[in-house]
Amino acid sequence: MSYSSTNLTHLSSSDNDQTDIVATFQFRLANLVINCVLINIICLLGLYSNLLNLIILSQHSFKSFTNILLVSLSSCDLAYVMTTILRRSSCILSLLDEAVIVNCSSALQNCTLQ
């Protein structure tokens, strides 16, 4: 009849294309959640805890070597967390830019259609 092996191959290749599209979407979504949301939440918690450490440790005397090391470690970690937040903020800003572009283009299309 009209169904041959080439038609079956064509059907299976379209299923593979749809599977690839879904897998790509899932990967982009997981990447977005991890890089834009989860890392920023962890960094904000780190920022809070390092500031708390610096406040508490600076109230004690700096006579012990351990206290000096802990203050130094907290200040270096605080600087790293702050730079990480600044680097990851570009991810959120790019998402906002994409949302603005989509909203503006849909608004322009609505204006021209009416």
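So, how was this worked out
One numbering rule holds for all chains: residues counted from 1, following each sequence as written. Side-chain atom pairs in this predicted model are given and counted only at pLDDT of 80 or more, local residue features only at pLDDT of at least 70, and totals for whole chains, interfaces and linings cover all residues. Note that water and hydrogens are dropped before the side-chain values are worked out from all heavy atoms of the structure. Secondary structure elements follow DSSP: runs of H or I no shorter than four residues count as helices, runs of E no shorter than two count as strands, and numbering proceeds from the N terminus. Throughout, exposure labels follow a simple rule: accessible area from a 1.4 Å probe, protein chains only, divided by the maximum for the residue type, with under 20% read as buried, over 50% as exposed, and the rest as partly exposed. We call two residues in contact when some of their heavy atoms are within 4.5 Å. Every accessible area reported is derived by Shrake-Rupley at a probe size of 1.4 Å, with residue values counting cover from the shown protein chains alone. UniProt positions are given in the numbering used here, feature names are shortened, and annotations may be inferred rather than shown by experiment. Residues enter patches when their relative accessible area tops 30% and they take part in no salt bridge; the joining distance is 9 Å for like charges and 5 Å for the nonpolar side chains Val, Leu, Ile, Met, Phe, Trp and Tyr. For this document, the term salt bridge refers to a Lys or Arg side-chain nitrogen within 4 Å of an Asp or Glu carboxyl oxygen. Confidence scores labelled pLDDT are given residue by residue by the predictor and lie between 0 and 100.

Undergrad: Outline the overall build of the protein chain, supporting the account with residue identities and numerical values.
TA: Scanning the protein chain from N- to C-terminus turns up two helices and zero strands. The buried share among the 114 residues of the protein chain stands at 11%. The long-range fraction of contacts in the protein chain, counting pairs at least 24 apart against all pairs at least 6 apart in sequence, stands at 66%. Accessible area of the protein chain: about 9200 Å², with a carbon and sulfur share of 70%.

Undergrad: Before we move on, can you summarise the side chain of Ser74 with the specific residues and values?
TA: As for its position among the elements, Ser74 is in helix α2 (residues 65-113). What Ser74 contacts, discounting residues up to four positions off in sequence, is Asn50, Asn53, Leu54 and Leu57.

Undergrad: With reference to specific residues and values, describe the UniProt feature "transmembrane region" (unreviewed entry) in the protein chain.
TA: Mapped onto the present numbering, the UniProt feature "transmembrane region" (unreviewed entry) falls on residues 32-56 and 68-86. Secondary structure across residues 68-86 divides into 100% helix and 0% strand, with the first and last C-alpha atoms of the span separated by 27 Å.

Undergrad: I'd like to hear about a nonpolar patch on the surface, residue by residue, with values.
TA: Together, Phe25, Leu29, Leu32, Val33, Val37, Ile41, Leu45 and Leu95 make up a nonpolar patch on the protein surface, roughly 700 Å² of accessible area in all. With seven residues, the top contributor of residues to the nonpolar patch is helix α1 (residues 5-59). For Phe25, the position within the fold is in helix α1.

Undergrad: Describe the side chain of Asn67, naming the residues involved and giving the relevant values.
TA: In this fold, Asn67 is placed in helix α2. Ignoring anything within four residues of it in the chain, the contact list for Asn67 reads Leu57, His60, Ser61 and Phe62.

Undergrad: I'd like a rundown of the environment of Gly46, residues and numbers included.
TA: Here Gly46 lies in helix α1. On the accessibility criterion, Gly46 (15% relative accessible area) is buried. Separated by 35 residues in sequence, Gly46 and Val81 have C-alpha atoms that sit 6.7 Å apart.

Undergrad: Run through the confidence of the model for the protein chain, naming residues and quoting values.
TA: Summary statistics for the protein chain give a mean pLDDT of 78 and a share of 73% for residues scoring 70 or more. Taken together, the stretch residues 1-11 has pLDDT below 50 and engages in one contact with residues farther than four places along the chain or on a different chain.

Undergrad: Quick rundown of the environment of Leu70? Include the residues and the values.
TA: Structurally, Leu70 is set in helix α2. Separated by 13 residues in the primary sequence, Leu70 and Leu57 place their C-alpha atoms 7.7 Å from one another.

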